[in-house]
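Descriptive structure summary
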Amino acid sequence: MGLDDDIKHNAEDMKGKVKEKVGDATDNEKLQAEGVADQASAKMKKAGDDIKDAFTDDR
């Protein structure tokens, strides 16, 4: 996985955490759900890159 991909995935994860916390604080269920979805998306992308790296020896 390239460093730029890692940075993008971590940024998406952080954005999701912020959205989730803001949604919690403001009782905005939609924003909270978007934050959880962003975090899940980032986690899936990280896992996909890890699998790809395992097969390409691109660590």
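Please refer to the structure higher up on the page.
Let us look at the structure shown here. Note that the coordinates shown come from a computational prediction; the quantities given were computed from them, not determined experimentally.

1. Comments concerning the overall build of the chain
Across its full length, the chain carries 2 helices and 0 strands. Across its three principal axes, the chain shows a C-alpha extent of roughly 45 × 15 × 10 Å. Burial statistics for the chain: of 59 residues in total, 19% are counted as buried. When contacts within the chain are restricted to residue pairs at least 6 apart in sequence, those whose partners lie at least 24 apart make up 45%. Accessible surface, the chain: about 4400 Å² in total, of which carbon and sulfur atoms supply 57%. Each charge sign in the chain was given a centre, from 11 positive and 16 negative side chains, and these centres are 1 Å apart.

2. Quick word on helix 2 (residues 29-56)
The end-to-end C-alpha distance of helix 2, which contains 28 residues, comes to 41 Å, matching closely the 40 Å that a straight helix rising 1.5 Å per residue would cover. Tucked into the core, helix 2 has its buried residues touching helix 1 (3-26). The N-cap of helix 2, judged by a side-chain oxygen 3.2 Å from the amide nitrogen of Lys30 a few residues on, is Asn28.

About the thresholds
- Residues numbered from 1 in each chain as written.
- Predicted model: local features only at pLDDT ≥ 70, side-chain atom pairs only at ≥ 80, totals over all residues.
- Heavy atoms only, no water.
- Helix = DSSP H or I, 4+ residues; strand = E, 2+ residues; numbered from the N terminus.
- Buried < 20%, exposed > 50% of the residue type's maximum accessible area, 1.4 Å probe, protein only.
- Contact = heavy atoms within 4.5 Å.
- Areas by Shrake-Rupley, 256 points an atom, 1.4 Å probe, with all protein chains shown as cover.
- Lys, Arg positive; Asp, Glu negative; His and termini not counted.
- Charge placed at Lys NZ, Arg CZ, Asp CG, Glu CD.
- Expected span 1.5 Å × (residues − 1).
- Polar contact = N/O pair within 3.5 Å; in protein donor to acceptor, adjacent residues only side chain to side chain.

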